Each structure stands twice: as structure tokens, then as C-alpha cells.
Amino acid sequence: MYPKHENLQSDDKQKGTSQEELGKAESSKALCRGGCIHSSEEISVMEVERRDAVISLEEPDNLEKEETVMTNKPFDIPRCQFIEAFKEVREKKGSAGIDNQTIEAFEGRLDDNLYKLWNRMSSGTYFPKPVKQVLIPKKNGKMRPLGIPTVEDRVAQTVVKMAIEPALEQIFLDDSYGYRPNRSPLDAIATTRKRCWEYDWVVEFDIVGLFDNIDHELLYKALERHVEEKWAKLYLMRWCEAPCIDSEGIKHDRTKGVSQGGVTSPLLANLFMHYAFDLWMKRAFPGCPFERFADDAVIHCKTEAEAREVLEALEKRMAECYLELHPDKTRIVYCKDDKRKLEHENIKFDFLGYTFKARRSKNQRTGEIFTGFLPAVSIAATIRLTDKVRALRLNSLVHCPIETIAKILNPIIRGWMNYFGSFYPSEMRKALSIINGMLKRWVKRKYKGIKSLRQADTWLKGVMQRHQYLFYHWAQGFAE
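In this numbering scheme, every chain counts its residues from 1 along its sequence in written order. pLDDT decides what is reported in this predicted model: residues at 70 or higher carry local features, side-chain atom pairs at 80 or more are listed and counted, and totals for whole chains, interfaces and linings draw on all residues regardless. Heavy atoms from the whole structure form the basis of all side-chain values; hydrogens and water molecules are not counted.

Student: Now, about the environment of Glu248: what can you tell me, with residues and values included?
Tutor: Positionally, Glu248 belongs in the loop between strand S6 (244-245) and strand S7 (251-252). Relative accessible area decides the class of each residue, using a 1.4 Å probe on protein chains only: under 20% of the type maximum gives buried, over 50% gives exposed, and in between gives partly exposed. Assessed through its relative accessible area of 66%, Glu248 is described here as exposed. It is 9.8 Å that separates the C-alpha atoms of Glu248 and Gln133, two residues lying 115 residues apart in sequence. Strands here are runs of E lasting at least two residues and helices are runs of H or I lasting at least four, both read from the DSSP assignment and numbered beginning at the N terminus.

Student: Go over the nonpolar core, please, and point to the residues and values.
Tutor: Judged by nonpolar contacts, the single largest core of 72 residues is most densely connected at Met121, Leu219, Trp231, Phe277 and Ile299. Sorting elements by how many residues they give to this core places helix H11 (residues 265-284) first, with eleven residues. Here a residue-residue contact requires only that any non-hydrogen atoms of the pair lie within 4.5 Å. In contact with Trp231, not counting residues within four places along its chain, are Phe75, Asp76, Ile77, Met121, Val159, Val160 and Ala163. Buried Ala, Val, Leu, Ile, Met, Phe, Trp, Tyr and Cys residues form a nonpolar core when they are joined through side-chain atoms within 4.5 Å. The next biggest cluster of nonpolar side chains, apart from the first, holds 52 residues, and it includes Val298, Phe356, Trp416 and Met464.

Student: For the pairing of strand S5 (residues 201-206), give the residues involved together with the corresponding values.
Tutor: With six of six residues buried, S5 lies mostly within the body of the structure. Neither face of S5 is exposed, since Trp201, Val203 and Phe205 on one face and Val202, Glu204 and Asp206 on the opposite face are all buried. If DSSP finds at least two bridges between two strands, the strands pair. Bridging between S5 and strand S9 (residues 296-301) involves six bridges; their strand directions are antiparallel. Across the sheet, residue Val202 finds its bridge partner in S9, namely His300.

Student: Describe the packing of aromatic side chains, naming the residues involved and giving the relevant values.
Tutor: Two rings from Phe, Tyr or Trp (for Trp, the six-membered ring) form a pair when their centres are within 6.5 Å of each other. A pair whose planes differ by under 30 degrees is stacked, one over 60 is edge-to-face, and the rest are tilted. Per the counting criterion, the structure on display carries 18 aromatic pairs. Judged by centre distance (6.0 Å) and plane angle (70°), the rings of Tyr126 and Tyr235 are edge-to-face. Of this pair, Tyr126 sits in the loop between helix H5 (110-123) and strand S3 (131-137) while Tyr235 sits in helix H10 (residues 230-241); the two residues are 109 residues apart in sequence, bridging distant segments of the chain. Comparing Tyr126 with Tyr235 shows no difference in burial state: the two are buried. Between Phe349 and Phe356 the ring centres are 4.8 Å apart and the planes differ by 5°, which places this aromatic pair in the stacked class. Residue Phe356 is classed as buried on the basis of its relative accessible area, which comes to 0%. Joined through ring pairs, the aromatic side chains of Tyr354, Trp416, Tyr419, Phe420 and Phe423 make up one cluster. The ring of Trp118 has Arg79 sitting right over it, with the charged end atom 5.2 Å from the ring centre. Here, a charge over a ring is recorded when the distance from Lys NZ or Arg CZ to the ring centre is within 6 Å and its angle to the ring normal is within 35 degrees. In this structure, Lys302 packs its charged tip against the face of Tyr199, placed 4.4 Å from the ring centre.

Student: How would you summarise the sheet that holds S3 if you had to cite specific residues and measurements?
Tutor: If you trace the four strands from one edge of the open sheet to the other, you get S4-S3-S6-S7, paired in mixed fashion. With one partner strand each, in any of the chains shown, strand S4 (143-148) and S7 form the two edges of the open sheet. Two elements, S3 and S6, share two bridges in a ladder whose sense is parallel. Each bridged residue has a counterpart across the sheet, and for Val131 the counterpart in S6 is Cys244.

Listed below in C-alpha cells is the structure:
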């Protein structure tokens, strides 16, 4: 566990703000738009204080020249950060939380809402509302609990994230890819592909309910070490412990885990896994590189014996950190290809929607055909795309022109192809052919003069010749 392996104990001077400190009226600075800001000793922070300025999403030209005034609020949080935080929350959209307040409703009284939020957070009196719990389907057909904070909480969490993320990014390792700025799943796929050529064996693993099982005590020790802002630590702990309310209105207290759906939750999960796995791997098995995306990861090994040793040690390590490896998604895989011809029960694995396995390929320099261990879109990802298109029920849209159908399908197809077309794009053809088949059936149903799918195919080919770029996959050469 953390104290044992990573020495996360900090000096007493670095410990979080005590209740006595929260009550003291320490001097701090806050940005204002002119005039003075009254302290919470003069007016209750539960009410809207008188303001001499209005918060606007338009940043003033003279923002850097604005004076700062001394207040006796315990925390110094720049007000301009709340404006930027709301912009980010609005851009990402999202549904209402437990209070049913939408982003549009919050923006309707933006000045009052942002000022009240800034005032309470600066005073140490901000407490999050319970999280609204909804169930969303997982890839395996089961349901996953998703926590939806209120818009106000999402803004507050974004402010905290903006404050602490730069410092945490400095400590995270390059082999961690999930939910980090300027890093994507495709970066992880590219690195995995390269290392699978260099290492014969892979340990793939997944953690059961990472977000729901993060131990608070261990997480707080990591926060104590790496987060200097006392106010940020205070609110992060409050969010971790905020209860959730399910669809039946039942309140559930949280004693472990972080809300999957919170703005700061991915960052906290990465910090937890930084100690639970990343640093441990670098110390225990420095010769085994890995790629981790949140709770999904692969470890590269030279031999099968080394892979078994890694897996055994990994199971113990996760248990020490109160986590469990997924029994169906954790295994040892042999990267079989032309040059690696041993027999093994597992010769392929899935990672971030791609399936890695032996595939025929062509050397671009010599023209030689060979079998390499390469990634391509997985069957599961193909099924998800076709299921999503089927759910649109194109046959019920026969009243629409084909241009409208293209506008509906193109965003879905474009996003899918942009991701899965990066490696071995020819494997996408199966899914796109199924979509073309759906279009043929739509044509047959729309036009009474077309009696067969062959006639519908002929009609569509005529449209392709005249409007090659009507559908995104047509323009990319997937017309058949």
C-alpha cells in the first residue's frame, strides 16, 4: 500500500487545512472589477453579497491591470478562473444534476451564480450537492453507474482541475495515456504496436470498477504530497465523500471511490494509479514497459516465465491497494507472427477498441508480403457502430431525402473512421459494407418502383457517381 511502498507520509506542516484554519480570517487576494468586496464576516455567505461589478464571459482588455484587494477570506482563488471554468463546462454540455438545473438555466443568472460560487469556495463554506446516479449500458451488456454532478459542482470541479492539473502532469509517467491533455488513445495504440514487435509476450489486464473502489485514505495521502493548494484538497475530499442519489431517490453514502462522471474523477484516478501501478512497475519490473489508459493496460515481457511472474506480482499489488483484476479481461498473450511460431492458447488481445493479432501486411519499402502482429478495429467496435446505425431506424425515415440521411449518418461514420482508420484501415470495410446495405434497404423502401436490392444498389451507384462526397465513407473509398 502507499505508505509501505511509496512513502507518502508528509510533514505535519504539509497536512490539509484544519477546521481551525478554515475558521480563521486569513488575508487573501481576489480579483475584482473595481471597488471593494465585502467579507463573509459582514454578510452571510449563504446569501448573495452586494457586488460592485458584474462577472461577464467577455474578458476585459484591462484584466491584467485590475487591482487586487485584501479580503479576509481564507482562500485566494482568482475570480477569472470561474469564467473560464464555465466556458469549458458549457462547451462539453452535459445533462442536469440532482437539482435539475440545466447549463442554460445556470447561464441565465450567470453573474449571480458564479459570484456566489466564488464567494463560498473562497470562504471554505462550499459543500457539493449529492450526485445524481444514472445507469448506462456497458460493452458486455451490463449496466454501469454514472454520477452526474450539478452544473455548479461541475464548474467548481473545473476550477480545481485547472489549478492542480499542471502540477500533477509533471509527475505522471509517459506510459500513462488516459484522460490527459495532448495524449490520446491512438498514441497508446501506436506505442503498443511498436512494442509488440520488440517483445514476444503481453500481460493484458483490466481492473474491476476502478472508479468505484479507489481507497480514500490512500488517495488523500497522494493529494497531500502533490497538491499544494489547501482549498483544492479540501474540496476534492468533499467531492469524494459526496453521497449519490439513485433513480428511486435513495441516498447512498460514499466511503470509497470517486464519482464516475465528475470532472476531477479521471485526474484523481490517474493519481491513484500512478502510485498503485505506474511507479510500482517502474521499480519492480523496469525491463517491462507498459501502456495504461485509466484502468485498462498492457505490459510487455520478453518471455512467458517473465509474464507469469509479472502477473502474479500484479495480482498481489492490486490487492494491497484494495483493487481487483478482472478475471475475464486479464491474461497472458503470445504475439505470434511469421517470426514467432510457438503455440499458445492466447494469440490476440483487445486494447482501446483495437484487436492486436497476426495479420497479412506489405513492406512498403521492399513490397514483400509478411505476417505481422498488428492492430485493427475489433469485432466489438464494429458491432457497436452497426448497432448505433440500426438504432436510427432508417426505414422509418423514408419521408426524408437522401441528403438528410447523409447529414444524420456522417458525424457517426466520420468519428468512427477517424479513430479506427489510423491502423489497418481495410478492416473497416465490413462495418461500412453493412451500412451500405442499410442504405440499399432504405432506398428500396422509399421508392416503390425499386423492387429489389439489386435495383437499389444500381440507384445508389448512380448517386455515388454524381455526388461522391455525399456520404463520408464514400469519399474515403468505401462505396461497396
